[in-house]
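What follows is the residue order along each chain.
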Amino acid sequence: MSAPQLRSLSLGAGVQSTCLLLLAAEGHLPGLDVAIFADTGWEPRSVYTHLDRIEREIAEPAGIPILRVSSGNIRDDALDPSKRFASMPLHILNSQGTAGMSRRQCTGQYKIRPIKEKVRRLLGYPYPQRIPAGVYVEQWIGISVDEVHRAKDADVVYMKNRFPLLELGFSRADCLRLLRSRGFGETPKSACLGCPYHGNSQWRQLRDGSPEEWQDVVEFDHAIRKGNARATAQGTPLLGQAYLHRSRRPLDQAPIDRVTAHEWSGRQGDIFDAIADAELENGDADGCSPWACRSGSPMPDGFDLTA
């Protein structure tokens, strides 16, 4: 295989990708040309603050440019009836009490698509130009050994995925130790403010530590009860109701204070019996990487989302 024209880091600004940026900046992983951050427009304030800091303190001194790309604001698009919205994996409850999740398309639209568009431009072949054979970018992705099942090949020939943390044998805990030793122990999880994969600890952190952001997600949760605005305007609202919290209750009424799955199922009903305590409390440990976000649970057979 020929050498890549470019080495790029997919920078989610979470623990693993920040660790990769640090390793590259310190010369432990040589050859990184650029880092790309895909902005959904609705990241937590802590993520934007962290991104500014690592750009200033890690990337710029090492000569690694951080490029910020976007294909829109996920919150605004969901509430705008004139916009096509790539659906979030919302928790759904229909009138018969059946639970499920809506299809996850948001990562593809708001993370992967703008990264691919930027990569094409960096290679000199913006869409719809054909990229010649052998021209590609080596894309670094921050997947650690404890999530090796998420490592996958790219779905386009002009991107070749590489997983340096796997090559180094780094776990998430190893990444955290390195970050703490360099003064970045407070690296946040990278995920939208209203990500339905949040656990109770993330919801509490917003409620107790960032009242403005909490009010923002509470208002959004109320606004999406019948699904995205465009589908509702076109006469195809959800058959059931959509929620951000997995209890399928309004976020400001959801049981987000620490509670075991057993206690919760006793309060809420049998549909929650299978929820593990750790997942209920912590959500997805690794946030929402563009290339490693969970796809969501499949909808049950016969579960119709439209009226």
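To be clear, the structure that these remarks concern was listed above.
Remember, predicted model here, so these are calculated numbers, not experimental data.

Calculation criteria
Residues numbered from 1 in each chain as written. Predicted model: local features only at pLDDT ≥ 70, side-chain atom pairs only at ≥ 80, totals over all residues. Heavy atoms only, no water. Axes fitted to C-alpha atoms, helices over the stretch in contact; angles between N-to-C directions. Helix = DSSP H or I, 4+ residues; strand = E, 2+ residues; numbered from the N terminus. Parallel < 35°, antiparallel > 145°, perpendicular 65-115°, else oblique. Left-handed = near helix turned anticlockwise from the far one by under 90°. Contact = heavy atoms within 4.5 Å. Nonpolar A, V, L, I, M, F, W, Y, C, P; charged D, E, K, R; others polar. Buried < 20%, exposed > 50% of the residue type's maximum accessible area, 1.4 Å probe, protein only. Pairing = 2+ DSSP bridges.

**Side note on the packing of helix α1 (residues 15-25) against helix α2 (residues 45-62)**
Here α1 crosses α2 at 20°, and the two axes come no closer than 9 Å. Looking at the two axes, α1 sits roughly parallel to α2. Here α1 runs over α2; the crossing is left-handed. Residues Thr18, Leu21, Leu22 and Ala25 of α1 pack against His50, Ile54, Ile58, Ala59 and Ala62 of α2. When grouped by side-chain class, the residues that make up the contact of α1 with α2 number 7 nonpolar, 2 polar and no charged.

**Quick look at the pairing of strand β6 (residues 137-140)**
Alternating positions in β6 separate into two faces, Val137 and Gln139 on one and Glu138 and Trp140 on the other, with burial throughout. The pairing of strand β1 (residues 6-10) with β6 spans 4 bridges and is parallel. By the bridge assignment, Leu9 is partnered in β6 with Trp140. Here 4 bridges tie β6 to strand β7 (residues 159-162), and the two strands are oriented parallel to one another. Bridge pairing in β7 links Glu138 to Lys160.

**Concerning the sheet that holds β6**
On the basis of which strands lie adjacent, the open sheet formed by 5 strands has the order β3-β2-β1-β6-β7 and parallel pairing. Strands at the two margins of the open sheet, each flanked by one partner only, are β3 (66-69) and β7. Between one strand and the next, the sheet's axes are offset by a mean angle of 30°, whatever the strand orientation. By the bridge criterion, 3 bridges tie β1 to strand β2 (residues 34-38) in an arrangement that is parallel. Bridge pairing links Leu9 to Ala35 in β2. Each of β1, β3 and β6 is contacted by α1, which is oriented at about 140° to β1, the strand it contacts most. Running over the sheet, helix α4 (residues 106-123) touches β1, β2, β3, β6 and β7 and is turned about 145° from β2.

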